Structures are given as C-alpha cells and as structure tokens.
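Each chain, letter by letter, is given below.
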Amino acid sequence: MARVIVDAQAARAIGKGAMIVFKKGVVRTEGEFSPGDIVEVYTRGGKFLGKGFVNPHSNIMVRLITKDRETEVNKELFRERIKKANEYRKKVLGYDKAYRMVYGEADYLPGLIVDRFNEIASVQISSVGMERFKMEVAEAIMEAEPEVETVFEKNTGRSRRREGLPEIERVLLGKEKYRTIIEEGKAKFIVDMRGQKTGFFLDQRENRIALEKYVKPGMRVLDVFTYTGGFAIHAAVAGADEVVAVDKSPWAINMVKENAKLNGVEDKMKYIVGSAFPVMEEMIKKGEKFDIVILDPPAFVQHEKDLKRGLRAYFNVNYAGLQLVKEGGILVTASCSQHVDMQAFKDMVIAAAAKAGKFLKMLEPYRTQAPDHPILMASKDTEYLKALFLYVEDTK
C-alpha cells in the first residue's frame, strides 16, 4: 500500500484527533496511487498514524478513515459507523425524524454528509474515495434507519468541484421521492431535495427555535437571506404581525410561500425577490424599521485567503441590518464561514455597531450549529456556524 509521510505539525494534529491531512503537511509520498485510493499515513520517523482516502489534486491530501492498521475499509465499516452515528443522534441527543445523521469527520466518515428528513435521507459526498463506496453507504443508511425509504444523492457544490467530481442529483436507492414535511418547534417546513445543499439547513434549528421566545404580537420582522423561510416562518408562527422575507432566488421565495400556507400564516408574510444589499439600502432610504432583523447569509469566506474581503462583506450586511433595527429591537446575525472564528465575527459586529451608532447587548450565549452537527474538539474544521442574538440600543 502506498504511503504518505507527514510533517510534525500534521502528525501532532492527527495524534490529537484530527481526521484530515492537508497537502501543506505532506513531506513526501511513497508508491503509486490514484485519486480515491487507500493510503497509509506515517511520520518521518516511520510511525503509523492511520489510513484513508487520498486525492493529490485536492487541498485535503488524505481523509483518514481509521487509525488502526488492521481495520478494513469496506461496507461493514460504513455500516458500523453510520449505525453508531445514527444512534448517537437518537439516543443521546434525542432527535427523531429530522436531523443530520452523519457529519463527516466528526463521525469518522470524512467526506460524507447525511441528513435525514423523515423517510428521505439526503447524501452529500465530497471525497473521491467516498464516492467509490456510495452504494454501500446508501445501503448502510437504510439498514441503520429502517424508516428511511429513499436515499437521495445531493452531490452538488464547490466541494465536489474541488475534488474533481461530477455534480449529480438523483434517487440513489429506494423509492422515487423528492419532498416531505418536517416539524421544527412550532413550525412545519416542506423539504424539497431540489433545493440547496442537502435540501434544508438543519444547522440553524435550535437558533430558529430560540427566536420564537423573542417574538411578540405587533412586531415587524425582517429575514434577509431567508432561503425557504426558516427564521421567517418561525417569527410568523410565534406571533409577529408582519414578516418580510428576502431572497434573490425566486424558487426559494416560492418555497417560503408554500411554507407560509402550510403554517397558516400567509396573511402575515411579505416577499421580496432581490439581492440583500440593494434591498436593504432601499429600505434604509425609505426609513423602514423592524423590531427584529435576521441576517443569515451564505458563506462569504470560502478560503482563508478570502478572509479580509469576506469580513468586509459581513461588515456591510451587518451595518445595513443595524440601521434597520428599531431602538430596543433585536438583531440576529450569523456566519457559516468556517474560516471566520467567533472572535473575528464578534469584532466585525462590534465595528459595524460603532459605525451605525448602536450599543449591543447579548441576549443569548454565543450560539453555534445544532448538536447533530457535532464539533470534534480536536478539529477546528468541524466548527463553522456562529450566531449572535443582540439587543440593539441607540448611542444618542
């Protein structure tokens, strides 16, 4: 079997629990291999560290599957890992019908994401090696969770392209089914496999539910980057008088309308199809104000080299959002950029508030992704979502 020799820093990270080896940590390779092959990873001194899928064309050179030399990488291993991950969500975390079943390296399955929505499991693979085992993965999912009748491969996005993999959306195994309805707090949502990512953003679940306690009758709420209406529908169901949902995607706004009808809150909703920045600028010019403003944008920082530019984008959107919050109102702001840590995010919000002439008080502890997206303590890469609930006052 071919070998990948890593430097001391990479070796220390693996020793602490990391499951990926970046190309910059590779000293040399020994033997021949192709993208997706299994290779063994060693220190310069010849100590075995683990084995996993290799891709010399990716920034992530090796995705470790096991740190045991004797463990075979086969369907039995995937069945065991997926079953264990599913039981953790159900028995320890208490999730039932809608949850992230597998979260990549945090479940010792790097390059694999599985979201369960009732009888549908949505699979996203971002590893050439894992791609070779996708039918085995699909079978293991249905064995681990007998209620799943459809495994849908939602293999799209930047991570696929970076690995040199084709984008595919189709039923991989089971019944031809694309839609289902899930419950979340007081709200219900249609999940459509033809949407973004795995079909629905489960990582903000607890944050959306947390919003409900701050919504009171008579309030006006703005949800920017609403997608299918996650925060917006929760606000309407919790009692807001008016909720304005903004997204640049007509498809997404149509889904918000469907979700509003599903929850019986159509009369409370207003919809705007448009890009966030010009929409908010126009609202500011008109002097519009909201009791609650929610900002949940896409990842503005895809790579570490984009950090400065991405933080500027976050600054601009938060500065605009703060100008739209009433005195004594609430700002809910989030970032799903892995390369922006909580301190950098907090500093950006503070700077935006200073420019907007606002005092901010934290209403909630620092919030992150839902616990079914577990943060592996030894791996910073598994922690990406940051959310702040802030009480907004004028400095005048």
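In this text, all values refer to a predicted model and were calculated from it rather than measured experimentally.

> For this particular structure, what's the right way to read the UniProt feature "domain: PUA" (unreviewed entry) in the protein?
Residues annotated in UniProt with the feature "domain: PUA" (unreviewed entry) correspond here to residues 2-87. With 26% helix and 37% strand, residues 2-87 has its two end C-alpha atoms placed 34 Å apart.

> Looking at this model, I keep getting lost on helix 4 (residues 134-144). Mind explaining?
The α-helix winds at 3.6 residues per turn, so residues separated by three or four positions along the chain end up facing the same way. Looking only at helix 4, the buried set comprises Lys134, Val137, Ala138, Ala140, Ile141 and Ala144. Down the axis, helix 4 shows its buried residues gathered within 165° of arc, on one side only.

> Just to check I follow, could you spell out the pairing of strand 5 (residues 48-54) for this structure?
Walk down a regular strand and you will see the side chains alternate between the two sheet faces. Among the seven residues in strand 5, seven count as buried, and that is most of the element. Of the pairings in the sheet, the one linking strand 4 (residues 38-43) to strand 5 comprises five bridges and is antiparallel in character. The partner of tyrosine 42 across the bridge, within strand 5, is phenylalanine 48. Remark: four residues form the turn of the hairpin made by strand 4 and strand 5, two consecutive strands paired antiparallel; glycine 46 in that turn has positive phi of roughly 95°. Bridge analysis of strand 5 against strand 6 (residues 60-66) gives four bridges, and the strand direction is antiparallel. If you follow glycine 52 over to strand 6, its bridge partner there is leucine 64.

> Would you mind showing me how to read the domain arrangement of the protein here?
The parts lose accessible area when they come together, and the size of an interface is often stated as this lost area. Parsing the protein into structural domains produces domain 1 (3-66), domain 2 (75-177) and domain 3 (181-394). On a C-alpha basis, the centres of domain 2 and domain 3 stand 27 Å from each other. At the junction of the two partners, domain 2 supplies 24 residues and domain 3 supplies 26 residues. Overall, the association of domain 2 and domain 3 removes approximately 2,000 Å² of surface from exposure, summing both partners, and the carbon and sulfur fraction of that is 60%. If you sort the residues of domain 2 by the area they bury against domain 3, Tyr95, Tyr103 and Phe117 come out on top, with a joint share of 28%.

> In this structure, what is going on with the side chain of aspartate 115? I would like to understand it.
Within the secondary structure, aspartate 115 sits in strand 8 (residues 112-117). Here arginine 100 takes part through its side chain, which lies 2.6 Å from a polar atom of the side chain of aspartate 115. Once residues within four sequence positions are removed from consideration, aspartate 115 is found in contact with Tyr99, Arg100, Met101, Ile120, Ala121, Ser122, Thr198, Phe200 and Leu202.

> Help me understand the sheet that holds strand 17 (residues 290-295) in this model?
In any sheet, the strands associate via hydrogen bonds between backbone groups, in a parallel or an antiparallel arrangement. The strand order 16-15-14-17-18-20-19 describes an open sheet built from seven strands, whose pairing is mixed. Unpaired on one side and paired on the other, strand 16 (269-273) and strand 19 (358-362) mark the two borders of the sheet. On average, each strand axis in the sheet is tilted by 20° relative to the strand beside it, whichever way the strands run. Relative to strand 17, strand 14 (residues 220-224) is paired through four bridges, and the arrangement is parallel. Looking at the pairing, valine 221 lines up with isoleucine 292 of strand 17.

> Honestly, the nonpolar core in this entry has me stumped. Any pointers?
Nonpolar side chains tend toward joint burial in soluble globular proteins. Counting residues in hydrophobic clusters, the biggest one holds 37 residues, and the most contacted among them are Leu211, Val243, Met269 and Ile292. Sorting the residues of this core by element identifies strand 13 (187-192), helix 6 (205-211), helix 7 (230-237), strand 15 (242-247), helix 8 (250-263), strand 17 and strand 18 (325-335) as the ones contributing at least two each. Element by element, the count of residues in this core is highest for helix 7, at five residues. Shared between two domains, this core takes at least three residues from each, and those domains are domain 2 (75-177) and domain 3 (181-394). Excluding residues that lie within four positions of it along the chain, leucine 211 makes contacts with Phe231, Ala235, Ile292, Ile294, Val332 and Phe389.

> Just checking my understanding: could you explain the pattern of salt bridges for this structure?
Close approach of charged atoms allows side chains with opposite charge to pair. Enumeration according to the criterion identifies 37 salt bridges in this entry. Ionic pairing is found between arginine 89 and aspartate 107, a salt bridge with its closest N-O pair at 2.7 Å. Linking arginine 89 in helix 2 (residues 75-92) with aspartate 107 in the loop between strand 7 (98-103) and strand 8, this pair joins segments that are 18 residues apart in sequence. For aspartate 107, a relative accessible area of 8% gives the class buried. Connected through shared salt-bridge partners, Lys75, Glu76, Arg79, Glu139 and Glu143 make up one network.

> I tried to follow the packing of aromatic side chains on my own but got confused; where do I start?
In this description, a pair of aromatic rings is defined by centroid distance and the angle of the planes. Following the criterion strictly, the structure yields 14 aromatic pairs and no others. Pairing phenylalanine 189 with phenylalanine 200 gives two aromatic rings, centres 5.3 Å apart and planes at 45°, and the pair type is tilted. Of the two residues, phenylalanine 189 is situated in strand 13 and phenylalanine 200 in the loop between strand 13 and helix 6; the sequence distance between them amounts to 11 residues. Residue classification places phenylalanine 200 among the buried residues on the basis of a relative accessible area of 3%. Ring centres of phenylalanine 225 and phenylalanine 300 lie 6.4 Å apart, and the angle between their planes is 75°; on these two criteria the pair is classed as edge-to-face. Placement of phenylalanine 225 in the loop between strand 14 and helix 7 and of phenylalanine 300 in the loop between strand 17 and helix 10 (307-323) is noted, with a sequence separation of 75 residues between them.

The rules behind each value
- Residues numbered from 1 in each chain as written.
- Predicted model: local features only at pLDDT ≥ 70, side-chain atom pairs only at ≥ 80, totals over all residues.
- Heavy atoms only, no water.
- UniProt positions renumbered as here; feature names shortened; annotations may be inferred.
- Helix = DSSP H or I, 4+ residues; strand = E, 2+ residues; numbered from the N terminus.
- Buried < 20%, exposed > 50% of the residue type's maximum accessible area, 1.4 Å probe, protein only.
- Arc of directions from axis to C-beta.
- Pairing = 2+ DSSP bridges.
- Domains from an automatic or database assignment.
- Contact = heavy atoms within 4.5 Å.
- Buried area = accessible area lost by both parts, 1.4 Å probe.
- Polar contact = N/O pair within 3.5 Å; in protein donor to acceptor, adjacent residues only side chain to side chain.
- Axes fitted to C-alpha atoms, helices over the stretch in contact; angles between N-to-C directions.
- Core = buried A, V, L, I, M, F, W, Y, C linked by side-chain atoms within 4.5 Å.
- Salt bridge = Lys/Arg side-chain N within 4 Å of Asp/Glu carboxyl O.
- Phe/Tyr/Trp six-rings, centres within 6.5 Å; stacked < 30°, edge-to-face > 60°.

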